[in-house]
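These are the residues of each chain, in order.
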Protein chains: 2
Amino acid sequence: MDRRNFTGKMALGASGALMAPHLSWACAPNGNTAQRKLGVALVGLGSYSTYQLAPALEQTQWCRLAGIVTGTPSKAAKWREQYGIDPSHIYNYENFDAIAQDDSIDIVYVVLPNSMHAEFAIRAAKAGKHVICEKPMAVSVAECDAIIAACETAGVKLSVGYRLQSEPYTREIKRLVREKTFGDVLFISADAAYVSRGNPDQWRLNRELSGGGALLNMGVYSIQSCIYSCGKNPIGVSAQEFSTRPEYFKDTDETITAQFTFPGGVVGQMMTSHNANANRLYGSCTSGWFELQPANNYGPLSGRTSEGPIEFPHESQQKLQMDDFARHILEGTPNRAPGEMGRRDMVIVEAIYRSIREGGRQIALDLPEGYGILQE
Amino acid sequence: MDRRNFTGKMALGASGALMAPHLSWACAPNGNTAQRKLGVALVGLGSYSTYQLAPALEQTQWCRLAGIVTGTPSKAAKWREQYGIDPSHIYNYENFDAIAQDDSIDIVYVVLPNSMHAEFAIRAAKAGKHVICEKPMAVSVAECDAIIAACETAGVKLSVGYRLQSEPYTREIKRLVREKTFGDVLFISADAAYVSRGNPDQWRLNRELSGGGALLNMGVYSIQSCIYSCGKNPIGVSAQEFSTRPEYFKDTDETITAQFTFPGGVVGQMMTSHNANANRLYGSCTSGWFELQPANNYGPLSGRTSEGPIEFPHESQQKLQMDDFARHILEGTPNRAPGEMGRRDMVIVEAIYRSIREGGRQIALDLPEGYGILQE
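All values reported here derive from a predicted model rather than from experimental measurement.

Caption draft 1: Representation of the overall build of chain A. A count of helices and strands for chain A gives 11 helices and 15 strands. Computed over its C-alpha atoms, the radius of gyration of chain A comes to 20 Å, within 12% of the 21 Å expected for a compact globule of 376 residues. Projected onto its principal axes, the C-alpha positions of chain A cover 55 × 50 × 35 Å. Buried residues in chain A amount to 56% of all 376 residues. Look at the contacts in chain A between residues 6 or more apart in sequence, and 69% of them connect residues 24 or more apart.

Caption draft 2: The arrangement of the interface of chain A and chain B in detail. Each partner contributes to the interface: chain A provides 28 residues, whereas chain B provides 27 residues. Only β7 (185-193), β8 (236-242), β9 (255-261), β10 (267-273) and β11 (278-285) of chain A provide two or more residues apiece to the side of chain A that touches chain B. Looking at side-chain class alone, the side of chain A that touches chain B contains nine nonpolar, 17 polar and two charged residues.

Caption draft 3: Region of the structure containing the domain arrangement of chain A. Residues and elements named next belong to chain A. Each domain of chain A was delimited in the assignment, giving domain 1 (3-161) and domain 2 (164-312 + 339-364). The gap between the C-alpha centroids of domain 1 and domain 2 is 28 Å. Across the contact, 19 residues belong to domain 1 and 18 residues belong to domain 2. When contributions to the side of domain 1 that touches domain 2 are tallied by element, the ones reaching two or more residues are α6 (141-154) and β6 (158-160). The greatest single-element share of the side of domain 1 that touches domain 2, amounting to six residues, is contributed by α6. A breakdown of the residues in the side of domain 1 that touches domain 2 according to their chemical character gives 13 nonpolar, four polar and two charged.

Caption draft 4: Molecular detail of the sheet that holds β7 of chain A. All names here are of chain A. An order of β14-β13-β12-β11-β7-β10-β9-β8-β15 is seen for the nine strands of this open sheet, with the pairing classed as mixed. Because the sheet does not close on itself, it has two edges, and the strands there are β14 (308-310) and β15 (363-364). Pairing of β9 with β10, which is carried by seven bridges, proceeds in the antiparallel orientation. Of the residues in β10, the one forming a bridge with Thr257 is Met271.

Caption draft 5: Up close: helix α10 (residues 317-331) of chain B. All names here are of chain B. The terminal C-alpha atoms of α10, which comprises 15 residues, lie 20 Å apart, in line with the 21 Å expected from a rise of 1.5 Å per residue. The element α10 is extensively covered by neighbouring structure, given that 14 of its 15 residues are classed as buried. Trailing α10 by a residue or two, Gly332 shows a phi angle of about 75 degrees, which is positive.

Caption draft 6: Structural context of the sheet that holds β6 of chain A. All names here are of chain A. The strand order β3-β2-β1-β4-β5-β6 describes an open sheet built from six strands, whose pairing is parallel. Looking at which strands have only one partner, the edges of the open sheet turn out to be β3 (90-91) and β6. Bridge count between strand β1 (residues 38-43) and strand β2 (residues 63-69): six bridges; the pairing is parallel. Bridge assignment links Val40 to a residue of β2, and that residue is Leu65.

Caption draft 7: View of the relation of the copies chain A and chain B. Turning chain A through 180 degrees and shifting it by 0.0 Å along the axis lays it on chain B, with an RMSD of 0.0 Å. The operation mapping one copy onto its partner corresponds to a two-fold rotation axis. If distances are taken from each C-alpha of chain A to the rotation axis, the shortest is found for Gly360 of chain A, at 2.8 Å. Comparing interface residues between copies, 96% of those in chain A also lie at the interface in chain B; the contact surface is shared.

Caption draft 8: Region of interest: the packing of α6 of chain A against helix α11 (residues 339-357) of chain A. All names here are of chain A. The interhelical angle for the contact between α6 and α11, taken along N-to-C directions, is 170 degrees, at an axis separation of 9 Å. Between α6 and α11, the angle falls in the class roughly antiparallel. Mapping the contact onto sequence places Val141, Cys144, Asp145, Ile147, Ile148 and Cys151 in α6 and Gly339, Glu340, Gly342, Arg343, Met346, Val347 and Glu350 in α11. In terms of residue class, the contact of α6 with α11 is made up of seven nonpolar, two polar and four charged.

Caption draft 9: Up close: the environment of Cys144 of chain A. For Cys144 of chain A, the location among the structural elements is in helix α6. Sequence-distant contacts of Cys144 of chain A, defined by excluding residues within four places in its chain, comprise Met137, Ala138, Gly339, Gly342, Arg343 and Met346 of chain A.

Caption draft 10: Spotlight on unusual backbone geometry. Residues and elements named next belong to chain A. In this structure, Pro136 follows Lys135 across a cis peptide bond, with omega equal to -10 degrees. Topologically, Pro136 is positioned in the loop between β5 (130-133) and α6. Put simply, Gln293 and Pro294 share a cis peptide bond, and its omega is 0 degrees. Along the chain, Pro294 turns up in the loop between β12 (288-292) and β13 (303-305). Backbone geometry at Lys180 places phi at a positive 50 degrees, although glycine is not the residue there. Along the chain, Lys180 turns up in the loop between α7 (168-178) and β7.

Caption draft 11: Structural detail: the nonpolar core. Residues Val110 of chain A together with Val110 and Ile147 of chain B are the most contacted members of the largest nonpolar core, which totals 215 residues. Apart from residues no more than four positions distant in its own chain, Val110 of chain A is found in contact with Val43, Gly44, His117, Phe120, Ala121, Ala124, Val131, Ile132, Cys133 and Glu134 of chain A.

Caption draft 12: Spatial organisation of the pairing of β11 of chain A. All names here are of chain A. The buried fraction of β11 amounts to eight of the eight residues, a majority that puts the element mostly inside the structure. Side chains Ala278, Arg280, Tyr282 and Ser284 of β11 all project onto a buried face; the interleaved residues Asn279, Leu281, Gly283 and Cys285 project onto the opposite face, where all are buried too. Alignment of β7 against β11, held across eight bridges, turns out to be antiparallel. Bridging across to β11, Asp191 finds its partner in Arg280. Between the end of β11 and the start of β12, which pair antiparallel, lie two residues.

Caption draft 13: The pairing of β10 of chain A, seen in detail. Residue and element names in this part refer to chain A. Summarising burial for β10: seven of the seven residues are buried, a large majority. Burial of the side chains of β10 extends over both faces: Val267, Gln269, Met271 and Ser273 are buried on one face and Gly268, Met270 and Thr272 on the other. Summarising the sheet, β7 and β10 pair through seven bridges and their orientation is parallel. Following the sheet pairing, Phe187 is matched in β10 by Val267.

Caption draft 14: Inspection of the environment of Arg304 of chain A at higher detail. Tracing the backbone shows Arg304 of chain A in strand β13. Sequence separation between Arg304 of chain A and Leu292 of chain A is 12 residues, and the spatial gap between their C-alpha atoms is 6.5 Å.

Caption draft 15: Structural view of the environment of Ala54 of chain B. Residues and elements named next belong to chain B. Inspection of the secondary structure assignment puts Ala54 in helix α3 (residues 47-57). Using a count of 19 C-beta atoms within 10 Å as the deciding quantity, one classes Ala54 as partly exposed. Not counting residues within four places of it along the chain, the set of residues in contact with Ala54 comprises Leu42, Ser49, Leu65 and Tyr83.

The rules we used
Residues numbered from 1 in each chain as written. Chains lettered and ligands numbered in written order. Predicted model: local features only at pLDDT ≥ 70, side-chain atom pairs only at ≥ 80, totals over all residues. Helix = DSSP H or I, 4+ residues; strand = E, 2+ residues; numbered from the N terminus. Rg over C-alpha atoms; globule rule 2.2 N^0.38 Å. Buried ≥ 20, exposed ≤ 12 C-beta atoms within 10 Å, placed from the backbone. Contact = placed C-beta atoms within 7 Å. Nonpolar A, V, L, I, M, F, W, Y, C, P; charged D, E, K, R; others polar. Domains from an automatic or database assignment. Pairing = 2+ DSSP bridges. Expected span 1.5 Å × (residues − 1). Least-squares fit on C-alpha atoms with pLDDT ≥ 70 in both. Axes fitted to C-alpha atoms, helices over the stretch in contact; angles between N-to-C directions. Parallel < 35°, antiparallel > 145°, perpendicular 65-115°, else oblique. Core = buried A, V, L, I, M, F, W, Y, C linked by C-beta atoms within 7 Å.

Here it is, written out as structure tokens:
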């Protein structure tokens, strides 16, 4: 199959009923490489967009940086120059909805503070754009529901910025669990934490903007790790909160530990913190074990099992993630991080906060199976 | 200093008021190597005595296997032959107290099921013998108190079988914490667990004999790890219990997780289980981290820090432990695992069980400082 025919196949894959008509141009087999790539607009030009997503979009095969949305004119000018973005694809938060008429933009990647995810994801869906919400998906289950509904109504695809779902070490763990390489999983431990000593006014430490502290920022990694390392959704959770530097963490949780129960009796424990460094997942199985350490950073990750090291060449995780989502749109490959997965994690986040409020008692979770926990 | 003078110095060291008079022969500078070694009697000839302690006593410099106490005549015969133990130094549980008249025995090492530690430790003390209680020290704080009181009354030394306190990797962690090599400790994680699938009638799974399950057997390692990795005693603990195979673990706890708070806000988490494999301690500090994995087995252990690997030649941990206790008796070096340390851990064990009974609520701990947590 030559490139031309492959592109033609993609066009077929992308022609499903859910695709907004004005997006079909992206798949036109016209031989223009730039046009074959889906156009991504980054909403919010903070450090993650600046240092991770924009560089990754220079490496992606199926998508490209096509637009930006920022409230800061000086950033707009800088990005315009650096990435050659035409002013017609540069928006601010007020005129953002005009992106609906911008055929260069197929995907809107919301990289704003957590409390703004829902508003901009919903506005993006209403504009007929596919949506990536950076993790955590939002600051409540209700907001996740609203985002999912808006994307369903608009017939656009929705993904959460769980880049590790596309990352080889993580996928290897999923494979080991899926294929029961070491038998059944018995116990999972997952820690995701870093020490925050920066500007105390940063949005991550402001509950109104972040929706919560370490749990929202890093804890979702631990939740994800526990679930894909077990291969099932948890059925119960208990949790505890600890505070060491309340003068710095005035408004958001500093350190949280939680314990999960899974179907079949598997136990999981997690820690997340803005006042410690830890970055690991470990799974004990009936006939072996696996470990990633670090497990959640931008890489290179490092892993091993009871039978030896896990080794993959390092690639930009964000590149892999965005190309996966583009292929999901173009070819109908699985959505590795669907909105329902982000919503599930927010159900767990809310249960963890509830357990803490209720003195650490176990909260039952009633989560349907699925969300592609172990998909390839 | 030649060997003769060194031996003489030891005799001085051993001549303190607490030393029972009939033990002084062990230090006589008569040039007889065998007599310079303190005589150890092992009480209970199960697998730990058979495969760990007796072989270690063939390597010790300051003590030797001098007697055995067993209820099984066939074991007595086998050990008599294998180790050349004179029948005059072989006891059973009924005639054990006659060991008081046996000048070959300086130290009684109680290696019986946990619920029998107190009785035999106290009988050993009353017989004027120094005592090592295998871990856990006993099955309740009250029993620990009784053992400590009996040893004080008898003027004999008391140690708990925390062999890792004498082990180089563990001592290196204590040094890193003591010297603040990586600054202040922020977070500790310690897991100690193995999968039990053997005889369901083994004493470890019988609460009447064991006093508890994974927590008593392996959990004390995690408790120890958390404390020496932090350098302080905890001020609070919460805990949860999980059961997967109740048909096998009919009588004792299978999996327990616990969370510690320490002075200054340090957080610790631990997991112990008879239904998973995990063996690790990890400490996150303000300017680095340390890890042992495995942390608690018979070795060789393996460790690393944020600055590189920790490496020591492997030696029998039990050899190091027993020689340390012998030197404590002979020379007055620090007791690396005093009875008060074992009692402290039982206070924590009881608080963990209490937290579980009370739905995971945090239990305050009022433990005095000390117990040589960070001693060299």
